[in-house]
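Report on the structure
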Amino acid sequence: MTPTSVVDQSEAPPSPVPVKRWKPTSGAYAALLLIMIPFVWMGIGREGVSPAVATAIGFALCVLSGLAGVTQVSPAVTAMVLITLQGSRPSARFVQLISLLSPTVLLMAVFPLIVGLLGSSEIGQTNTLMVVLAVSVTVPWISSSVTSPMYGPLGAISREETVPFFRRFCAVWPAMLAWSVLPILLFSVVVTLFLGWGIEENIFYAIGVAANVVFAQSLIPAQEVRRFGYVFAAWVCYALTLLIAPQLWFLAPIAGVLPQLFLIRRGLGGLRRPHRPETLSILRQLGYGFLQGSVLWADKFFLVMLYRGDVNIVMVYVALIPVVIAQALYFGSQYDVLRKCMEGLRVMVDQSPCTQLQDGSIQLSRRVERSLETTVLIAATSSLGLMLLASSLGFDYTEELLMLICAPVAMLCLTMITFQLSQLQRYLESGLICGVHLLLVGAALMLAPPALAYLLVIVVDVIAVWWGVRRSRAAFVDSAYQLFWKEAVKW
């Protein structure tokens with residue numbers, strides 16, 4: 001063998017090292033769109049953008065956001081404003097989306113038609129419209145509280161066999177209705193302290209809130225067995241009653257209960273064997289639901305209580321539309337990602353060695369984060385579209401408009417991350433985040449003008465979301481090891 005036949009490894013050229021290129025994620029696209037909102041606000045406010053062009057682009061963005069709720073969305077494609085019809089059962093997702101959007105669409109369509117009649121009458125010494133407004137900002141928040149305790153007793157019942165599930169729901173319902181009196185009384189006291197109402201106003205307020213509580217709880221069976229057509233029918237009955245008999249606004253929710261009673265009719269026998277829940281567990285769940293609901297709704301409640309007729313409630317609710325669309329997307333398709341990842345943890349524990357648990361759980365955590373980023377991307381897209389449409393909707397480009405459009409996106413992020421933490425059994429951390437948000441919102445709106453208060457809330461919520469994401473990642477790893485040792489002990 002000659003010396004030239006031997007390859008000198010020290011002189012061989014180094015093998016090329018693959019360079020990892022950064023690929024923008026849905027979160028990056030969402031951040032870019034959110035950064036664009038203030039610039040669009042300044043440009044339109046200074047007449048730097050043609051109103052016609054702004055309206056056309058805004059309408060297109062909102063339509064695309066709505067389509068994203070119906071389809072299985074590819075985050076990168078969505079960011080490029082291309083929606084693909086992928087995945088199975090798009091018709092089922094469409095029905096679910098319609099049911100989730102129906103409260104906003106139907107009630108916003110009906111209220112302009114009856115607002116004149118409500119505004120021309122009085123309850124006690126207060127305009128009827130003000131009482132209705134107080135009920136409307138209370139109901140979404142209190143509904144989160146009074147429905148939260150119902151899922152625990154229903155957790156072990158299969159949704160596949162509907163009659164046993166309906167029977168169990170009917171056994172649980174009477175106790176839940178009785179416990180709902182506590183939050184109703186709490187909100188009644190708070191509203192009285194803020195608005196100084198008399199007995200008559202309080203009676204109608206309590207009746208209106210209580211009727212909506214019954215309605216909110218009645219929707220649980222249809223939602224759990226995924227009969228979303230009944231949910232849509234309930235909101236149609238609610239809206240039609242308001243339209244036909246606006247003077248009976250406080251009883252309109254009861255009309256929406258009728259389709260649900262028809263759905264669960266074969267399980268009504270459960271009412272004869274009522275479930276007696278543990279007091280401490282009920283109080284804990286009522287409190288947790290109260291904190292969870294405060295993330296999206298406490299600021300609306302305090303706005304009405306503090307500013308009363310001075311707040312543009314139409315602008316407040318219109319600014320929430322992007323969040324409604326995004327939540328419809330999340331619970332229509334992206335929530336399945338979280339559910340499957342939770343199931344994936346158990347499969348991984350059964351099939352993977354302990355040394356692979358950390359890497360596997362981190363991958364599952366990232367998958368869940370991508371689904372959350374997709375939801376935020378939809379909210380950011382429709383929020384940008386709403387900002388472009390604001391002038392055509394009759395809104396002035398004030399600082400309040402900018403904050404009212406940006407703040408719900410931050411609150412949506414906070415809602416989703418706290419919901420995810422609760423699914424990972426991290427109730428204390430989730431409740432802590434919600435509690436800090438509630439205290440901050442109340443103090444900020446009491447001590448500062450709305451625009452400045454919302455700016456402070458956005459900053460703190462972004463920090464809380466960052467912390468919540470870190471805790472969620474750690475919770476995935478912890479949950480995997482907890483499941484592993486749980487199985488190991490059984491062995």
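Residues numbered from 1 in each chain as written. Predicted model: local features only at pLDDT ≥ 70, side-chain atom pairs only at ≥ 80, totals over all residues. Heavy atoms only, no water.

1. Observations regarding the overall build of the protein
We count it as follows: The secondary structure listing takes helices from DSSP runs of H or I that are at least 4 residues long and strands from runs of E that are at least 2 residues long, numbered from the N terminus. Buried residues are those whose accessible area, probed at 1.4 Å on protein chains only, stays under 20% of the maximum for their type, while exposed residues exceed 50% and partly exposed ones sit between those limits. What makes two residues a contact is simply this: any of their non-hydrogen atoms within 4.5 Å.
Helices and strands together make up the secondary structure of the protein, namely 19 helices and two strands. The buried share of the protein, taken over its 491 residues, is 49%. Restricting to contacts in the protein with at least 6 residues of sequence separation, those with at least 24 account for 80%.

2. What about the environment of Met 403?
In this structure, Met 403 sits in helix 17 (residues 399-423). What Met 403 contacts, discounting residues up to four positions off in sequence, is Pro 408, Ala 451, Tyr 454, Leu 455 and Ile 458.

3. What to know about the nonpolar core
Going by this rule: We call a set of buried residues a nonpolar core when its members are Ala, Val, Leu, Ile, Met, Phe, Trp, Tyr or Cys and they connect through side-chain atoms within 4.5 Å of each other.
Within the largest apolar cluster, 126 residues are counted, with the highest numbers of intra-cluster contacts made by Tyr 205, Trp 249 and Met 387. The element contributing the most residues to this core is helix 17, with 17 residues. Beyond its immediate stretch of four places on either side in the chain, Trp 249 contacts Leu 118, Ile 123, Thr 128, Val 131, Val 132, Val 135, Phe 204, Gly 208 and Leu 242. Among the nonpolar cores identified, the runner-up in size contains six residues, and Leu 101, Ala 328, Leu 329 and Ile 378 belong to it.

4. Here's the deal with unusual backbone geometry
Phi is positive for Arg 226, close to 60°, though the residue is something other than glycine. Topologically, Arg 226 is positioned in the loop between helix 10 (220-224) and helix 11 (228-244).

5. A short note on the packing of helix 8 (residues 181-195) against helix 13 (residues 279-307)
Inclusion rule: Comment: axis = line fitted to C-alpha atoms, over the contacting stretch for helices; angle = value between 0 and 180 degrees taken between N-to-C directions. Throughout this description, any angle smaller than 35 degrees is read as roughly parallel, any larger than 145 degrees as roughly antiparallel, any in the 65 to 115 degree range as roughly perpendicular, and the remainder as oblique. Should the near helix be turned anticlockwise from the far one by less than a right angle, the crossing is termed left-handed; should it be turned clockwise, right-handed. Charged residues are taken to be Asp, Glu, Lys and Arg, nonpolar residues to be Ala, Val, Leu, Ile, Met, Phe, Trp, Tyr, Cys and Pro, and polar residues to be all remaining types, Gly included.
Between helix 8 and helix 13, the least distance of the axes is 12 Å, while the angle of their chain directions is 25°. Judged by the inter-axis angle, helix 8 sits roughly parallel to helix 13. Of the two possible hands of crossing, helix 8 and helix 13 adopt the one that is right-handed. For the pair helix 8 and helix 13, contact is made by Leu 182, Pro 183, Leu 186, Phe 187, Val 190, Val 191, Phe 194 and Leu 195 and by Leu 283, Leu 286, Phe 290, Phe 301, Phe 302, Met 305 and Leu 306, respectively. Taken together, the residues of the contact of helix 8 with helix 13 break down into 15 nonpolar, no polar and no charged.

6. What to know about the environment of Phe 165
Along the chain, the position of Phe 165 falls in helix 7 (residues 162-179). Taking the C-alpha atoms as reference points, Phe 165 and Pro 221, 56 residues apart in sequence, are found 7.9 Å from one another.

7. Thoughts on the confidence of the model for the protein
Interpretation of this model should avoid reading the predicted coordinates in detail wherever pLDDT is low. To be explicit about the condition: Per-residue confidence from the predictor is given as pLDDT, running between 0 and 100.
Residues at a pLDDT of 70 or more form 77% of the protein, whose mean pLDDT is 80. Here residues 480-491 is a poorly scored stretch, pLDDT under 50, and it has 17 contacts once near neighbours within four places are set aside; other chains count.

8. With respect to the packing of aromatic side chains
Each pair of aromatic rings is reported with the distance of its centres and the angle of its planes. The following threshold applies: Aromatic rings from Phe, Tyr and Trp, taking only the six-membered ring of Trp, are treated as a pair when their centres fall within 6.5 Å; an angle between ring planes under 30 degrees marks them as stacked, one over 60 as edge-to-face, and anything in between as tilted.
In this structure the tally under the stated criterion is 16 aromatic pairs. Taken together, a centroid distance of 5.3 Å and an interplanar angle of 25° make the contact between Trp 235 and Tyr 238 stacked. Of this pair, Trp 235 and Tyr 238 both sit in helix 11, separated by three residues, roughly a single helical turn. Tyr 238 matches Trp 235 in its accessibility class, with the two residues each being buried. Centroid distance Phe 301 to Phe 302: 5.8 Å. Interplanar angle 80°. Geometry classified as edge-to-face.

9. Let's talk about a positive patch on the surface
Note the cut-off: For patch building, the residue pool is restricted to those with more than 30% relative accessible area and no salt bridge; the joining distance is 9 Å between like charges and 5 Å between nonpolar side chains (Val, Leu, Ile, Met, Phe, Trp, Tyr). For accessible areas, the Shrake-Rupley method is used with a probe of radius 1.4 Å. Any residue's cover is judged against the shown protein chains and nothing else. What counts as a salt bridge is simple: a side-chain nitrogen of Lys or Arg found within 4 Å of a carboxyl oxygen of Asp or Glu. Counted as positive: Lys and Arg. Counted as negative: Asp and Glu, with His and the chain ends omitted from the count. To locate a charge, the coordinates of NZ of Lys, CZ of Arg, CG of Asp or CD of Glu are taken.
Side chains of Arg 167, Arg 227, Arg 265, Arg 266, Arg 272 and Arg 273 sit close together on the surface and give a patch of like positive charge. Judged by relative accessible area, which is 32%, Arg 167 ranks as partly exposed.

10. Some words on helix 12 (residues 252-263)
Taken together, the buried positions of helix 12 are occupied by Ala 252, Pro 253, Ala 255, Gly 256, Val 257, Pro 259, Gln 260 and Leu 263. Those residues of helix 12 that are buried are in contact with helix 7, helix 9 (199-218), helix 10 and helix 11.

11. Some remarks on the side chain of Asp 461
Tracing the sequence through the fold places Asp 461 in helix 19 (residues 450-490). Here Asp 461 occupies a buried position and makes no salt bridge, while the nearest side chain of opposite charge, Lys 300, is found at 9.1 Å. With near-sequence residues (within four places) excluded, Asp 461 lies in contact with Ala 410, Met 411, Leu 414 and His 437.

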